[in-house]
Amino acid sequence: MRILLVEDDEETAQYVARGARQSGHSVERARDGLEGLALAKDGPHDVIILDRMLPELDGLTVAKRLRESGSQTPILFLTTMGGIGDRVEGLEAGGDDYLVKPFALAELLARVNSLTRRSQRTGAELQAVLQVNDLEIDLIARTVSRAGQRIDLQPQEFKLLEYLARHEGRVVTRTMLIENVWELHIDPRTNIVESHMSRLRAKVDKGFSSQLIQTIRGTGYILRGN
Amino acid sequence: MEIRLVRSESFRLTAIFAAMLIGAIAVLGGGLYLIVDQAFRNEILLNAREDLAAIRKGYQAEGLSEAVEVVNQRLAKPTPSDVVVLETTSGRKIAGNVPAVAVTTGAKHVHLAAGQRRPHEAFGAGEMIGPGLYAFAGQDLYVLHETEEQAIHVIGWILAITLAMAIGGGLLLSRSFLRRTDAITRTCRAIMDGHLSWRIPKAGEGDELARLATVINSMLDRINDLMESNRQITNDIAHDLRTPLTRLRHRLELARAEAATTDDYAATIDGAIADTENILSTFSALLRIGQIEAGAGQKSFQRVDMGAVVRNLVEIYRPAAEDRNHLLCASTVADAEMLGDKELLSQMIVNLIENAILHTPPGTRIDVALEAERQAIAFTVSDNGPGVPAGERQNIFRRFYRLEHSRSSPGSGLGLSLVGAIAAIHRGRIEVADNDPGLRMTVIFPAQRDFPSTS
């Protein structure tokens, strides 16, 4: 995947670029807002990682100008600005995701993956049934079955499974689940995600030879078919 | 000093007031003068026409000699201001107490020649009495003039006294006003010079300057509190972050000295990362509290369906509570909407639920309730755990404060400070009570039935 990284801090840029390249992405780097805007317009990129406080042109303006010019490339804000209202500002300016520094590399990469796939298949949201191997999720009737057998899920479990299925084959972090499934912006001190996931896995995978939901240690979960 | 007095606002106001008063007195005096003058002249004319009628009647009945007789009788009565004269149309005086006057009929002023008394003016009426015979009757106006002079005198005195009182009162007022504003100015200067504990001395009871002084004093108290809390934060950071930083440093030093295998190094690095996470989350919690206390978020208040938020959070937290052998239930959750920041209100509820889960032993029952009444919306988290001793209850909202037995459980000691800050910007108050057994924490928000159209 081609990533455009607009970041003025040398250390952060190297940290991100190295991590992204190790995961098989190619990284192009801009050091200020104007350069970032120019490179983004030259494009094409699969995702743009954009700092907010940049020399020459701030990140919010870069995002706005890009959207005005008709670019649809997903933008992930990566910034120290984590105050109240900052995230909303970022999303309103045209950002697709907002990650506050300090961050874990795994978190950033999971979000980058999530963004690029999302932009490739926007049609997925219109599907009525999500299918992964023998697992079927009926989004309209809100029922789940595996190998023809009906599985009863609690509402929160259903929401988690739906999100995992929409991101099939990609790592989903705990924070992504908390932010996107529950629409919460909290840093929980209890294992709220793990507790739900263990119940969900017990219902979805127990008694089957293939385990669809897998834990990625220290990062999150992945729902993977064959 | 004198110039300052005259320039002061209270003096200016007094001067304006005095000018208005003087104007009013002048208008009143002038009006009165005109009315009295008119009445006096009407009276003169009335009497004059009576006199003239009597003279005419005498003349028509018995001729000129009787008319002269009437005039003489009329003048025999001692009223010194009466003026009557009977004369021929050719201007020859026949009878009367003044020289002949011009032969014109109707109401008129007549100048009396000097030498009689003083130069005088009479007012009255003249009429033809018979062929070639004319009479004038009226009053010497000196009485009126004297009365008028006296009245002008009195009004003049009244004006002078009013003016003197206004100026004197104005000076007195502005001196006392200046004395009190000087006290405020002095206090402000002193505070600017660093004497932060100075306050405006109390003077006067309940008037606007006293109120102003009270408000300024409470403002200074509030600023002092904020600065105090700021200093407290700085101290807290210095103390409470030193511990985890020291621990991090020890961990790294120990690994440097003793680690032998890559597994040892990996374990140390994992620990160091965890320590760093803790320190960072403490920082961001402090930052957030600071932002909330500064009023951030209030501009983005919207309608929040508190019932839905509470139900949702209880569903989300129930499994985690069960895994720790706690029973989390929501007994009553009313449908209640309020104006607020959904993200912050969720954070507040989460902190209270997590506190109950983390600081109570397994087997504890935690009950979450949302009650809506006419005046208030109350969110309660209660448990039947060990509770908090009554003496410590007011301390738990202090930053970094941790009860002795919970020092070992995770958390920065900032959770309840955050709850307090979030409740405060939503005009909520927190009640901490004994649940007998256990702890009962209630956040009470004023109910808003009339939502502004922000949604």
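This text goes with the structure placed above it.
None of the values given here were measured: they were computed from a predicted structure.

## Some details on the overall build of chain A
For step 1, the next point in the chain: For chain A, the count of helices and strands is eight helices and 12 strands.
For step 2, the next point in the chain: For chain A, the residues scored as buried account for 51% of the 226 residues in total.
For step 3, the next point in the chain: Excluding contacts between residues fewer than 6 apart, the proportion of contacts in chain A whose partners are at least 24 apart in sequence is 56%.
For step 4, the next point in the chain: Approximately 10,600 Å² of chain A is accessible, and the part contributed by carbon and sulfur atoms is 46%.

## Focus: the sheet that holds strand E9 (residues 149-151) of chain A
All names here are of chain A.
For step 1, the next point in the chain: Strand order across the open sheet formed by four strands is E6-E7-E8-E9, with antiparallel pairing between neighbours. At either end of the open sheet lies a strand with only one pairing partner, and these are strand E6 (129-132) and E9. Between one strand axis and the next, the sheet turns through 25° on average, direction left out of account.
For step 2, the next point in the chain: Judged from the four bridges that link them, strand E7 (residues 135-138) and strand E8 (residues 143-146) form a sheet pairing that is antiparallel.

## Focus: the side chain of A:Arg87
For step 1, the next point in the chain: In this structure, A:Arg87 sits in helix H4 (residues 86-92).
For step 2, the next point in the chain: A polar atom in the side chain of A:Arg87 sits 2.8 Å from the side chain of B:Glu343.
For step 3, the next point in the chain: Not counting chain neighbours up to four residues away, the residues in contact with A:Arg87 comprise A:Tyr98, A:His185 and B:Glu343.

## Focus on the interface of chain B and chain A
For step 1, the next point in the chain: Contact residues are listed per partner, giving 30 residues for chain B and 21 residues for chain A.
For step 2, the next point in the chain: Between chain B and chain A lies a buried interface of about 2,100 Å² when both sides are counted; carbon and sulfur atoms form 55% of it.
For step 3, the next point in the chain: By the criterion of area lost to chain A, the three top residues of chain B are B:Ile316, B:Glu343 and B:Glu354, representing 24% of everything that side buries.
For step 4, the next point in the chain: Taken together, the links from chain B to chain A amount to four salt bridges.
For step 5, the next point in the chain: Between A:Arg189 and B:Glu354 there is a salt bridge, with the nearest N and O atoms lying 3.4 Å from each other.
For step 6, the next point in the chain: Only helix H6 (262-293), helix H7 (306-323) and helix H8 (342-358) of chain B provide two or more residues apiece to the side of chain B that touches chain A.

## Here we look at the pattern of salt bridges
For step 1, the next point in the chain: Under the defined criterion, the tally for this structure stands at 33 salt bridges over all chains.
For step 2, the next point in the chain: In this structure, B:Asp37 and B:Arg41 form a salt bridge, with 2.8 Å as the shortest nitrogen-oxygen distance. A residue pair is termed a helical-turn pair when its members lie 3 or 4 positions apart in one helix, as B:Asp37 and B:Arg41 do in helix H2 (residues 9-62) at four residues. Neither B:Asp37 nor B:Arg41 differs from the other in exposure class; each is buried.
For step 3, the next point in the chain: Two residues, B:Asp275 and B:Arg251, come together in a salt bridge whose shortest N-O distance is 3.1 Å. In this pair, B:Asp275 sits in helix H6 while B:Arg251 sits in helix H5 (residues 208-258), placing the two residues 24 residues apart along the sequence.
For step 4, the next point in the chain: The class of B:Arg251 is partly exposed, set by a relative accessible area of 30%.
For step 5, the next point in the chain: Beyond isolated ion pairs, a larger network of salt bridges with shared partners links A:Asp97, A:Glu107, A:Arg111 and A:Glu179.

## Points about the environment of A:Arg67
Residues and elements named next belong to chain A.
For step 1, the next point in the chain: The topology assignment puts Arg-67 in helix H3 (residues 59-68).
For step 2, the next point in the chain: Residue Arg-67 is classed as partly exposed on the basis of its relative accessible area of 25%.
For step 3, the next point in the chain: Distance in space between the C-alpha atoms of Arg-67 and Gly-94 is 6.4 Å, their sequence separation being 27 residues.
For step 4, the next point in the chain: Beyond its immediate stretch of four places on either side in the chain, Arg-67 contacts Gln-72, Thr-73, Pro-74, Ile-75, Ala-93, Gly-94 and Asp-96.

## So, the pairing of strand E12 (residues 220-223) of chain A
Residue and element names in this part refer to chain A.
For step 1, the next point in the chain: Bridge analysis of strand E10 (residues 172-173) against E12 gives two bridges, and the strand direction is antiparallel. Bridge assignment links Val-172 to a residue of E12, and that residue is Tyr-221.
For step 2, the next point in the chain: By the bridge criterion, four bridges tie strand E11 (residues 213-216) to E12 in an arrangement that is antiparallel. Note on E12: the bridge partner recorded for Ile-213 is Leu-223.
For step 3, the next point in the chain: With antiparallel pairing between neighbouring strands as the criterion, E11 and E12 make up a hairpin whose turn holds three residues, including Gly-218 at a positive phi of roughly 75°.

## Some details on the packing of H6(B) against helix H9 (residues 415-425) of chain B
Residue and element names in this part refer to chain B.
For step 1, the next point in the chain: Put simply, H6 and H9 touch, their axes get as near as 9 Å, and they point 20° apart. Relative to H9, H6 is oriented roughly parallel. Of the two elements, H6 crosses H9, and the hand of that crossing is left-handed. For the pair formed by H6 and H9, the contact residues are Arg-288, Ile-289, Ile-292 and Glu-293 on the first element and Ser-417, Leu-418, Ala-421, Ile-422 and Ile-425 on the second.
For step 2, the next point in the chain: Tallied by class, residues from the contact of H6 with H9 come to six nonpolar, one polar and two charged.

## Some details on the sheet that holds strand E11 (residues 429-434) of chain B
Residue and element names in this part refer to chain B.
For step 1, the next point in the chain: With respect to topology, five strands assemble into an open sheet ordered E7-E9-E10-E12-E11, the strand pairing being mixed. Each having just a single partner strand, strand E7 (327-333) and E11 make up the two edges of the open sheet. When strand polarity is set aside, the average angle formed by the axes of neighbouring strands in this sheet is 15°.
For step 2, the next point in the chain: Across five bridges, E7 lies against strand E9 (residues 365-372) in parallel orientation. By the bridge assignment, Val-333 is partnered in E9 with Leu-370.
For step 3, the next point in the chain: The sheet contacts of H7 involve E7, E9, strand E10 (376-383) and strand E12 (439-446), and relative to E7 the element is tilted by about 165°.
For step 4, the next point in the chain: The sheet strands contacting H8 are E7, E9, E10 and E12, and the helix crosses E10 at an angle near 25°.

## Points about unusual backbone geometry
For step 1, the next point in the chain: Following A:Lys101, the chain continues to A:Pro102 via a peptide bond in cis, the omega torsion being 0°.
For step 2, the next point in the chain: Tracing the backbone shows A:Pro102 in the loop between strand E5 (97-100) and helix H5 (105-120).
For step 3, the next point in the chain: The step from B:Asp436 to B:Pro437 runs through a cis peptide bond, and the omega angle for that step is 0°.
For step 4, the next point in the chain: Tracing the backbone through its elements, the reader meets B:Pro437 in the loop between E11 and E12.
For step 5, the next point in the chain: Even without being glycine, A:Arg142 reaches a positive phi, approximately 55°.

## Brief notes about the packing of aromatic side chains
For step 1, the next point in the chain: Tallied over the entire structure, the rule returns two aromatic pairs over all chains.
For step 2, the next point in the chain: Taking 5.8 Å as the distance between ring centres and 50° as the angle between the ring planes, the aromatic pair formed by A:Tyr15 and A:Phe103 counts as tilted. A residue pair is termed long-range when its members are at least 10 positions apart, and A:Tyr15 in helix H1 (residues 10-22) and A:Phe103 in the loop between E5 and H5 qualify at 88 residues.
For step 3, the next point in the chain: Judged by its relative accessible area of 38%, A:Tyr15 falls in the partly exposed class.
For step 4, the next point in the chain: Centre to centre, the rings of A:Phe77 and A:Tyr98 are 5.9 Å apart; their planes meet at 45°, and the pair counts as tilted. Here A:Tyr98 lies in strand E5 and A:Phe77 lies in strand E4 (residues 75-79), a separation of 21 residues in the sequence.
For step 5, the next point in the chain: Under the relative-accessibility criterion, A:Phe77 is labelled buried at 0%.
For step 6, the next point in the chain: With a relative accessible area of 3%, A:Tyr98 lands in the buried category.
For step 7, the next point in the chain: The ring of A:Phe208 carries A:Arg146 above its face, with NZ or CZ at 4.1 Å from the centroid.
For step 8, the next point in the chain: Over the aromatic face of B:Phe123 sits the side chain of B:Arg41, whose NZ or CZ is 5.2 Å from the ring centroid.

So, how was this worked out
- Residues numbered from 1 in each chain as written.
- Chains lettered and ligands numbered in written order.
- Predicted model: local features only at pLDDT ≥ 70, side-chain atom pairs only at ≥ 80, totals over all residues.
- Heavy atoms only, no water.
- Helix = DSSP H or I, 4+ residues; strand = E, 2+ residues; numbered from the N terminus.
- Buried < 20%, exposed > 50% of the residue type's maximum accessible area, 1.4 Å probe, protein only.
- Contact = heavy atoms within 4.5 Å.
- Areas by Shrake-Rupley, 256 points an atom, 1.4 Å probe, with all protein chains shown as cover.
- Pairing = 2+ DSSP bridges.
- Axes fitted to C-alpha atoms, helices over the stretch in contact; angles between N-to-C directions.
- Polar contact = N/O pair within 3.5 Å; in protein donor to acceptor, adjacent residues only side chain to side chain.
- Buried area = accessible area lost by both parts, 1.4 Å probe.
- Salt bridge = Lys/Arg side-chain N within 4 Å of Asp/Glu carboxyl O.
- Parallel < 35°, antiparallel > 145°, perpendicular 65-115°, else oblique.
- Left-handed = near helix turned anticlockwise from the far one by under 90°.
- Nonpolar A, V, L, I, M, F, W, Y, C, P; charged D, E, K, R; others polar.
- Phe/Tyr/Trp six-rings, centres within 6.5 Å; stacked < 30°, edge-to-face > 60°.
- Lys NZ or Arg CZ within 6 Å of the ring centre and 35° of its normal.

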